[in-house]
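Each chain is listed here by its residues.
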Amino acid sequence: MARDGKTLTRAQIAKAISRNTPITVVQAYAFADAILEHMACALERGENVKISRFGTFVQREKARRLARNPNTGEKAVVTARRVVTFNPSDFLRQRVAAPID
């Protein structure tokens, strides 16, 4: 979540698509859902997802490890798993790194 508590939602994306294109809000929701579903399916298949000028969603394998519960001190085994990380493009990184007023 952003520091000021604002979060861009799927609904806001659909409304923005509708405002900027000649399609209805209902069609924009379907459009946004289709894109997100296609990305999720690619990640499920083990593929990375690269969006030009935005960034890449990359698959990483995390090894099995021994962890400790910070509240109880009890040790537990964390199983090996696959995770998704996001690497922003240089273009996005420069936009986000703009000076804060």
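We now turn to the structure provided with this report. Being a predicted model, the structure only gives us computed values, none of them experimental. (Residues numbered from 1 in each chain as written. Predicted model: local features only at pLDDT ≥ 70, side-chain atom pairs only at ≥ 80, totals over all residues. Heavy atoms only, no water.)

Before going further, it helps to examine the overall build of the chain. A tally of regular secondary structure across the chain gives three helices and five strands. In the chain, the succession of helices and strands from N to C terminus is α-α-β-β-β-β-β-α. In terms of C-alpha radius of gyration, the chain reaches 19 Å, well past the compact-globule figure of 13 Å for 101 residues. When its C-alpha atoms are laid out on the principal axes, the chain stretches across 55 × 40 × 30 Å. Counting all 101 residues of the chain, 16% fall into the buried class. Restricting to contacts in the chain with at least 6 residues of sequence separation, those with at least 24 account for 33%. Accessible surface computed for the chain: about 8400 Å², of which carbon and sulfur atoms make up 56%. Seen as two clouds, the 18 positive and the 9 negative side-chain charges of the chain have centres 4 Å apart. (Helix = DSSP H or I, 4+ residues; strand = E, 2+ residues; numbered from the N terminus. Rg over C-alpha atoms; globule rule 2.2 N^0.38 Å. Buried < 20%, exposed > 50% of the residue type's maximum accessible area, 1.4 Å probe, protein only. Contact = heavy atoms within 4.5 Å. Areas by Shrake-Rupley, 256 points an atom, 1.4 Å probe, with all protein chains shown as cover. Lys, Arg positive; Asp, Glu negative; His and termini not counted. Charge placed at Lys NZ, Arg CZ, Asp CG, Glu CD.)

This paragraph deals with unusual backbone geometry. Phi at Arg53 takes a positive value of approximately 65°, unusual for a residue other than glycine. For Arg53, a relative accessible area of 53% translates into the label exposed.

This part is about the sheet that holds strand E2 (residues 55-62). Each strand in a sheet pairs with another by means of backbone hydrogen bonds, the pair being arranged parallel or else antiparallel. On the basis of which strands lie adjacent, the open sheet formed by three strands has the order E1-E2-E5 and antiparallel pairing. Both edges of this open sheet fall to strand E1 (49-51) and strand E5 (81-88), since each of them pairs with a single strand only. Within this sheet the neighbouring strands show an average axis-to-axis angle of 25°, counted without direction. Examined bridge by bridge, E2 and E5 share eight bridges and lie antiparallel to one another. Each residue of the ladder has a partner; that of Glu61, found in E5, is Arg82. Sitting on the sheet, helix H2 (residues 25-44) touches E1, E2 and E5, and the angle it makes with E1 is about 140°. (Pairing = 2+ DSSP bridges. Axes fitted to C-alpha atoms, helices over the stretch in contact; angles between N-to-C directions.)

Our next topic: the packing of aromatic side chains. According to the stated counting rule, one finds two aromatic pairs in the structure shown. A centroid spacing of 4.9 Å and a plane angle of 50° characterise the contact between Phe57 and Phe86, whose relative ring orientation is tilted. One end of the pair, Phe57, is in strand E2; the other, Phe86, is in strand E5, with 29 residues separating them in the sequence. Judged by relative accessible area, which is 31%, Phe86 ranks as partly exposed. Among the aromatic residues, those joined into a ring-pair cluster are Phe54, Phe57 and Phe86. The ring of Phe91 carries Arg53 above its face, with NZ or CZ at 3.8 Å from the centroid. (Phe/Tyr/Trp six-rings, centres within 6.5 Å; stacked < 30°, edge-to-face > 60°. Lys NZ or Arg CZ within 6 Å of the ring centre and 35° of its normal.)

If you trace the backbone, Ser18 turns up in helix H1 (residues 10-20). Non-local contacts of Ser18, meaning those with residues more than four positions away in its chain, are made with Ile23, Thr24, Val25 and Ala28.

On to H2. Here H2 contains 20 residues, and its C-alpha end-to-end distance of 28 Å stays within 8% of the 28 Å for a straight helix at 1.5 Å per residue. Check the buried side of H2 and you find it contacts H1, E1, E2 and E5. (Expected span 1.5 Å × (residues − 1).)

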